[in-house]
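Residues per chain are reported as follows:
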Amino acid sequence: MASNLRVDNIQPSTGMGIGIGTANGSVTFNADVTGGLNVTNGSVGIGTDNPNAAKLDVRGSNNPLLKLTQTTSGIARLNIESETNDGYQYAGIGIGTASADAELMWTTLGFDVNVADSVRLRIPSSGDVQVLTGNLVIGTSGKGIDFSAASPSAAGSSSAVLDDYEEGTFTPTDVGGGGLTFTTALGHYVKIGNIVNVQIRVKWPTTSNTSSARVSLPFTGFNPSGANVSDGATAGAAGYISGGSVIPQIHTSGSSAEIYFYNFGGQMNNSNFSGLELRFGIVYRTS
Amino acid sequence: MALTERCENDKIEIVGQYKAVQVRCATVIERDGVEVTRSFHRHVLHPGTLDENDALVDTDLSGEDADVAAIATAAWTDAVKEAWRLKLVADKQQLV
């Protein structure tokens, strides 16, 4: 039969501590107790008898170390509040041993993710997501920015994902079989999604070679099911060549990464460009 | 402070029916082991070119990095090379 001991105050006659229970025992607040455990001016240590500056210091090897469970429907919410905010910072969670590690902060400016004492990511109440330092790095191939919710894109359309951007250089080479080395061979490209914009500057050596005049591209043309939809992509302005205009044109007949040259008589060969230089740009679709 | 520069083929892709090999070489400059800049240079390899008898001359891979050469060699089967050759021959018919 349980026995009760009721006192108004427990004050040790010597020392500072009060021991309750045995090694394997526990202290239980029964369900019918409406009061709580009040520590008016001190700290509570769990797993430590020396709370380190904090009001509540929990130490141990448990995983999780701290657990909050909502027993009714609703969100198990941990509120971190400031009764007297300084007009800027309302509340925050420190992660790591110092502010230089990481913090989650709620301020007048929004919800901030701080790393190494700088705000790296901010979500203001407007709903925008701001990357304040560094880049937004897409870590998975094929993933990117989804515009499918934007009119007039169809909802859920995978075609509305901007999943690539790249700029760089390439070296245009003779791929027509002539085995030529261009005197000048410069190429720059910008790829946005699957659209490639290239600028090319090539100069042919003096040659009588009659192989097809063909210059490499940085990406293959688009050829879904043999449809050759990149065929016909032409430079907006023809390069100069004595004796007439030149039309640089993709003519993949398949998924190749080449550009051909035409004049009004048909496809041109290397001898047509002997010692001549072309500078042009072209936009085409890649796969 | 030590600046280092290295090149790595960070993308090697096989594209299309003729198994074009798209290579992206990333030039990475690092300061004391921390990346400072990264720039890209691309090139595309096809199985070969035609000689005067319309035979296919295999693309010379001796100047390519080992990883690129290995992938190209695996991708360019005899069937792929023959299809590419026929494509080049067809293109040739359109010459001036």
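First, a word on scope: everything that follows refers to the structure included in this document. The structure displayed is predicted, hence computed values, not measured ones.

1. Structural notes on the overall build of chain A
Consideration 1: Scanning chain A from terminus to terminus reveals zero helices and 19 strands.
Consideration 2: In chain A, which comprises 287 residues, the share counted as buried stands at 29%.
Consideration 3: For chain A, the accessible surface area stands at approximately 18600 Å², while carbon and sulfur atoms represent 51% of it.

2. A short note on the interface of chain A and chain B
Consideration 1: Taken together, the contact pairs 35 residues of chain A with 22 residues of chain B.
Consideration 2: Summed over both sides, the interface of chain A with chain B buries roughly 2100 Å², with 47% coming from carbon and sulfur.
Consideration 3: Where chain A packs against chain B, one counts two salt bridges.
Consideration 4: Its salt-bridge partner being E166(A), residue R24(B) comes within 2.6 Å of it at the nearest N-O pair.
Consideration 5: Joining chain A to chain B, the criterion identifies eight residue pairs in polar contact (both at pLDDT 80 or more).
Consideration 6: Contributing elements (two or more residues each) for the side of chain A that touches chain B: strand 10 (165-170), strand 17 (258-263) and strand 18 (266-267) of chain A.
Consideration 7: Ranked by residues supplied to the side of chain A that touches chain B, first place goes to strand 10 of chain A with five residues.
Consideration 8: For the side of chain A that touches chain B, a count of residues per class yields 10 nonpolar, 21 polar and four charged.

3. As for helix 1 (residues 66-75) of chain B
Residues and elements named next belong to chain B.
Consideration 1: Taken residue by residue, helix 1 has V68, A69, A72 and A75 as its buried positions. For helix 1, the angular spread of the buried residues around the axis is 135°, confining them to a single face. Exposed positions of helix 1 whose direction lies more than 90 degrees from the buried face are A66, T73 and A74.
Consideration 2: Along its buried surface, helix 1 packs onto strand 1 (3-15), strand 2 (20-31), strand 3 (34-45) and helix 2 (78-92).

4. A word on the pairing of strand 10 of chain A
Consideration 1: Burial along strand 10 of chain A is one-sided: E166(A), G168(A) and F170(A) are buried, while Y165(A), E167(A) and T169(A), pointing the other way, are not.
Consideration 2: As judged from the six bridges shared by strand 10 of chain A and strand 11 (residues 184-192) of chain A, these two strands associate in the antiparallel manner. For F170(A), the partnering residue across the bridge sits in strand 11 of chain A and is G187(A).
Consideration 3: As defined by bridge partners, strand 10 of chain A adjoins strand 3 of chain B across three bridges and the pair is classed as parallel. Bridging from a neighbouring strand, T169(A) pairs with H41(B) of strand 3 of chain B.

5. So, the pattern of salt bridges
Residue and element names in this part refer to chain B.
Consideration 1: Throughout the structure, instances matching the rule amount to 16 salt bridges over all chains.
Consideration 2: One salt bridge in this structure joins R6 and E8, with 2.2 Å as the shortest N-O distance.
Consideration 3: R38 is paired through a salt bridge with E8; the nearest N and O atoms lie 3.6 Å apart. Of this pair, R38 sits in strand 3 while E8 sits in strand 1; the two residues are 30 residues apart in sequence, bridging distant segments of the chain.

6. Considering the side chain of K81(B)
Residue and element names in this part refer to chain B.
Consideration 1: Along the chain, K81 falls in helix 2.
Consideration 2: Take K81: its relative accessible area is 19%, and that puts it in the buried class.
Consideration 3: Within the local environment of K81, its side chain forms a polar contact with the side chain of D58, the two groups lying 3.3 Å apart.
Consideration 4: Apart from the residues within four sequence positions on either side, K81 is in contact with P47, L56, D58 and W76.

About the cut-offs
Residues numbered from 1 in each chain as written. Chains lettered and ligands numbered in written order. Predicted model: local features only at pLDDT ≥ 70, side-chain atom pairs only at ≥ 80, totals over all residues. Heavy atoms only, no water. Helix = DSSP H or I, 4+ residues; strand = E, 2+ residues; numbered from the N terminus. Buried < 20%, exposed > 50% of the residue type's maximum accessible area, 1.4 Å probe, protein only. Areas by Shrake-Rupley, 256 points an atom, 1.4 Å probe, with all protein chains shown as cover. Contact = heavy atoms within 4.5 Å. Buried area = accessible area lost by both parts, 1.4 Å probe. Salt bridge = Lys/Arg side-chain N within 4 Å of Asp/Glu carboxyl O. Polar contact = N/O pair within 3.5 Å; in protein donor to acceptor, adjacent residues only side chain to side chain. Nonpolar A, V, L, I, M, F, W, Y, C, P; charged D, E, K, R; others polar. Arc of directions from axis to C-beta. Pairing = 2+ DSSP bridges.

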